[in-house]
Amino acid sequence: MKATVIATFFGAFLICTYAAKEAPKKTKKAKLYFTLTDVPQIDCDVKAGRIINPEFIAKCPPGCQDVKYRVYGTDIYASFSSVCNAAIHSGIIDNTGGKILVQKVAGHSGYRGSFSNGVRSLSLPRWRESFLVSEGKPRKGVTYPSTLEYSSSKSTAVKSEPKKPEQDLKATKSADTANASEKASEQGDAVRKEYQTSPVPTPATQMATTTPTPTTTTTDPSTTTPKPTTTPATTRSTTVAAAAKTRPGLHRVRDIGSSSIHPAYSSVVAAASTMETDLWKPGLSLFDTGFSSKEELNPKPLESISQGNPNCKVDLSFLMDGSWSIGKRRFQLQKQFLSNVAQALGIGSAGPLMGIVQYGDDPSTEFNLKTYANSKDLRNAIEKISQKGGLSNVGKALSFVNKNFFLDANGNRGGAPNVVVVMVDGWPTDRVEEASRLARESGINIFFVTIEAAAESEKQNVIEPNFVDKAVCRTNGFYSITVPSWFGLHKVVQPLVKRVCDSDRLVCSKTCLNSADIGFVIDGSSSVGTSNFRTVLQFVANISKEFEISDTDTRIGAVQYTYEQRLEFSFDKYSTKQDVLSAIKRISYWSGGTSTGAAISYASEQLFSKSKPNKRKIMILITDGRSYDDVRVPAMAAHRNGVIAYSVGVAWAAQDELEAIATDPDKEHSFFVDEFDNLYRFVNQLIQNICTEFNSQPRN
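Now for a description of the structure that goes with this document. (Residues numbered from 1 in each chain as written. Predicted model: local features only at pLDDT ≥ 70, side-chain atom pairs only at ≥ 80, totals over all residues. Heavy atoms only, no water.)

Digging into the sheet that holds strand β16 (residues 516-523)
Across the sheet, which stays open at both edges, the six strands sit in the order β18-β17-β16-β19-β20-β21 with mixed pairing between neighbours. Every other strand in the sheet has two partners, leaving β18 (565-569) and β21 (670-673) as the edge strands with one partner each. Strand-to-strand, the axes of this sheet are offset by a mean angle of 20°, without reference to chain direction. Two elements, strand β17 (residues 555-561) and β18, share four bridges in a ladder whose sense is antiparallel. Along β18, the bridge assignment pairs Ala558 with Phe569. Across the face of the sheet, helix α17 (residues 596-606) comes into contact with β16, β17, β18 and β19 (616-623) while running at roughly 45° to β18. (Pairing = 2+ DSSP bridges. Helix = DSSP H or I, 4+ residues; strand = E, 2+ residues; numbered from the N terminus. Axes fitted to C-alpha atoms, helices over the stretch in contact; angles between N-to-C directions. Contact = heavy atoms within 4.5 Å.)

Following this line, the structure appears as structure tokens:
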């Protein structure tokens, strides 16, 4: 009897032990199945920039290979591109759709257009964010979201199709992650979260902080989920720990009372000072945020909204010098100066808006354009700014502002000029030329206020001689102010305000895409034919749609010619891109002879004589044959009147006439294709040449 009882007890013990070992295995397999199969589907027109997640796997539907889903770049794509069409262009999927892996990367210059796998990608001078697309297989150690976060308020989340057998599993998973996150919260482990499934995020689920210590990669979502503030079904349950590792917490070092601390001791001061963690901006990509401040992410309620000074509608960013070289007293003088500028500007929603970025070793946004809408609140916020310390890395700060500050999410208004005012004590500790050039090409007007510039005996210490002239929009003195002493800074408040409000002289707001009057001169002769004429109109539309069209930006006009000429529409006829594209589509084929010389003269009189003084006059002429009249004299007259002429010849067009029509150098302004169907090849090249020519203009 005793032996029987012992045997029974031992058998039960073995069964329980085996069951306990098997349970985790089953759970682990179930979690893996959830991770790999719950893939969200996206639409063909979804652009990478709209999706907040820095890395994700998604499923593209069939039928995305369409010209209306635009793609910019080759291999590396601008985030303005359609995700699915980029995947087709790169050969990852075909027009039947499929799963893809998308990884966000930093902004890029010189996106190259190409034709691949039936998709025509376009060139782009630069964009603030890029992405890579590859086969839809998960990378080792990375957990992917089953729900994508979108920047648009209309669609904050796109959920994957539910799988009935997994419902119980998901409920169990949510409960497990909630328990695990409570333990993590008690222990003080804050882990960066990137994904959210709640359609209405709360501040607690939008942001998480990172400690300054390195994070450890883990593939178990249940150990990395912060404590949920919504129901378990809508908690964040996934993370990309690898992405979190690339961004350590920001150490914002506060002034501890010393008036001047040598950079060599900055690490000692940093260790003894209070540190603030880097908070991610909600609604922005990992690569768009940069270093953010607590003030920006948790703005205090505004006391009132002022209309502001309507004669000074500009979006301003002040780069505030927070380096150790400035000292505590001079940092206070700088704050007083910025406060006085805010008062003199008359901050308001219909006038100027102002944000501040403080720089040292690294830049950080104190507050953005939409945080404060009146001078009183803004001045109070300036008074609370603490010195961050470090070196004077102005170039790094300009790159940060160019990529991260003037965004719609930060209050950028589009129609208002973008202005950056750089405050610098002495001279920068890094190079500014390249960062400034990219900022200018983005339409940012750069001003420099240099206080206590290098004396003759100190100039050998300056890394980049003449750094101000290399940075500002024009080297005529308008964009730079030199102040001999910090104690005389108050004297330049009014001169600076007057300059930043002079919108007519803010020339860097003009870019190659928003500062031209473009007149198309279109051959409508009998040799073209109806079908080919429609191809020409598509070519005209493809060029036009790449420009920023309005009555204050780029304007479009068109002339059709045979023996005679007809004004299809003038520069002031249409002021929106959609109206211009519709007007191009409505142009009817004329048919007749080919008098190209007379057409150039007609365009000069009917289009370009009525161009605005501050606009670049660009003529793009398309013809398929030799002209019955002389083209040289009319072309030379147009060139003398400031018209930049591009000639595009098809089939039987005469090369000597194309070169005579084109502005010098001929090879950069004249093009030839053997048939109409190949016209599309020159869309990217034409736009690139227009932008290259614009950006090479002298800055004096």
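Digging into the sheet that holds strand β14 (residues 444-451)
Within a sheet, each strand pairs with its neighbour through backbone hydrogen bonds, oriented either parallel or antiparallel. Ordered in space as β12-β11-β10-β13-β14-β15, the six strands form an open sheet in which the pairing is mixed. Pairing within the sheet leaves two strands with one partner each, and these edge strands are β12 (363-367) and β15 (480-483). Each strand of the sheet is rotated relative to its neighbour by a mean of 20°, with strand direction disregarded. With four bridges connecting them, strand β11 (residues 353-359) and β12 associate as antiparallel partners. Looking across to β12, one finds that Val357 is bridged to Thr365.

Concerning the side chain of Ser82
With respect to the secondary-structure elements, Ser82 resides in the loop between β3 (76-78) and α2 (83-89). With relative accessibility at 2%, the residue Ser82 sits in the buried group. Looking at Ser82, its side chain comes within polar contact range of the main-chain oxygen of Cys44, at 2.7 Å. At a separation of 3.2 Å, a polar atom in the side chain of Ser82 contacts the main-chain amide nitrogen of Asn85. With residues near it in sequence (within four places) discarded, Ser82 still touches Cys44, Val46, Lys47, Tyr69, Arg70, Val71 and Phe131. (Buried < 20%, exposed > 50% of the residue type's maximum accessible area, 1.4 Å probe, protein only. Polar contact = N/O pair within 3.5 Å; in protein donor to acceptor, adjacent residues only side chain to side chain.)

Quick look at the nonpolar core
Counting residues in each nonpolar core, the largest one holds 69 residues, and the members touching the most others are Leu345, Met354 and Phe448. Apart from the residues within four sequence positions on either side, Phe448 is in contact with Val394, Val422, Val424, Phe467, Val468, Ala471, Val472, Tyr479, Ser480 and Ile481. One finds Tyr646, Leu679, Leu686 and Ile687 within the second-largest nonpolar core, a separate group that totals 42 residues. (Core = buried A, V, L, I, M, F, W, Y, C linked by side-chain atoms within 4.5 Å.)

Some remarks on the packing of aromatic side chains
Tallied over the full model, the rule gives 15 aromatic pairs. Seen in terms of ring centroids, Phe478 and Tyr479 are 5.1 Å apart; in terms of plane orientation they differ by 85°. Their pairing is edge-to-face. Judged by its relative accessible area of 8%, Phe478 is buried. An aromatic cluster is present here, built from Tyr72, Phe80 and Trp127 joined pairwise through their rings. In this arrangement the basic side chain of Lys47 is found over the ring face of Phe80, its NZ or CZ atom lying 4.0 Å from the centre. (Phe/Tyr/Trp six-rings, centres within 6.5 Å; stacked < 30°, edge-to-face > 60°. Lys NZ or Arg CZ within 6 Å of the ring centre and 35° of its normal.)

Quick notes on helix α16 (residues 577-586)
For α16, the set of buried residues is Val580, Ala583 and Ile584. Looking straight down α16, one finds its buried side chains confined to an arc of 100°; they lie on one side. What points out from α16, more than 90 degrees from its buried face, is the exposed set Gln578, Lys585 and Arg586. (Arc of directions from axis to C-beta.)

Quick look at unusual backbone geometry
That bond from Asp664 to Pro665 is cis: its omega, -5°, falls within 30 degrees of zero. Note on placement: Pro665 falls in the loop between α19 (655-661) and α20 (666-669). The backbone phi angle of Asp75 is positive, close to 75°, even though this residue is not glycine. In this fold, Asp75 is placed in the loop between β2 (73-74) and β3.

A word on helix α18 (residues 632-640)
Listed as buried for α18 are Pro634, Ala635 and Ala638. In an axial view of α18, the angular spread of the buried residues amounts to 100°, which keeps them on one side of the axis. Those residues of α18 that are exposed and aimed more than 90 degrees away from the buried face are Val633 and Arg640. Looking at the buried positions of α18, the neighbouring elements they touch are α17, β20 (643-650) and α19.

Description of the state of the cysteines
Counted according to the given criterion, the structure contains four disulfides. Each sulfur of the disulfide joining Cys60 and Cys84 lies 2.1 Å from the other. Because the sign of the S-S torsion sets the handedness, a value of about -95° for the bond joining Cys60 and Cys84 places this disulfide among the left-handed ones. Taken as a pair, Cys60 in strand β1 (residues 55-60) and Cys84 in helix α2 lie far apart in primary sequence, 24 residues in all. In this structure, Cys60 and Cys84 share a single accessibility class: buried. (Disulfide = S-S within 2.5 Å.)

Quick notes on the environment of Gly355
With respect to the helices and strands, Gly355 occurs in strand β11. Taking the C-alpha atoms as reference points, Gly355 and Thr365, separated by 10 residues in sequence, lie 8.0 Å from one another.

Here we look at the pattern of salt bridges
Applying the stated criterion across every chain, the model contains 14 salt bridges. Notably, a salt bridge pairs Glu434 with Arg437, separated by 2.6 Å at the nearest N-O pair. One end of the pair is Glu434 and the other is Arg437, both in helix α12 (residues 433-441) and three residues apart, which spans about a single turn. For Arg437, a relative accessible area of 31% gives the class partly exposed. Measuring nitrogen to oxygen at the nearest pair gives 3.0 Å for the salt bridge that ties Glu568 to Arg566. Since its relative accessible area comes to 26%, Arg566 is described here as partly exposed. (Salt bridge = Lys/Arg side-chain N within 4 Å of Asp/Glu carboxyl O.)

Details of the environment of Val633
For Val633, the position within the fold is in helix α18. Separated by 32 residues in the primary sequence, Val633 and Ser601 place their C-alpha atoms 9.2 Å from one another.

The quantities given are spatial measurements derived from coordinates; they are silent on function.
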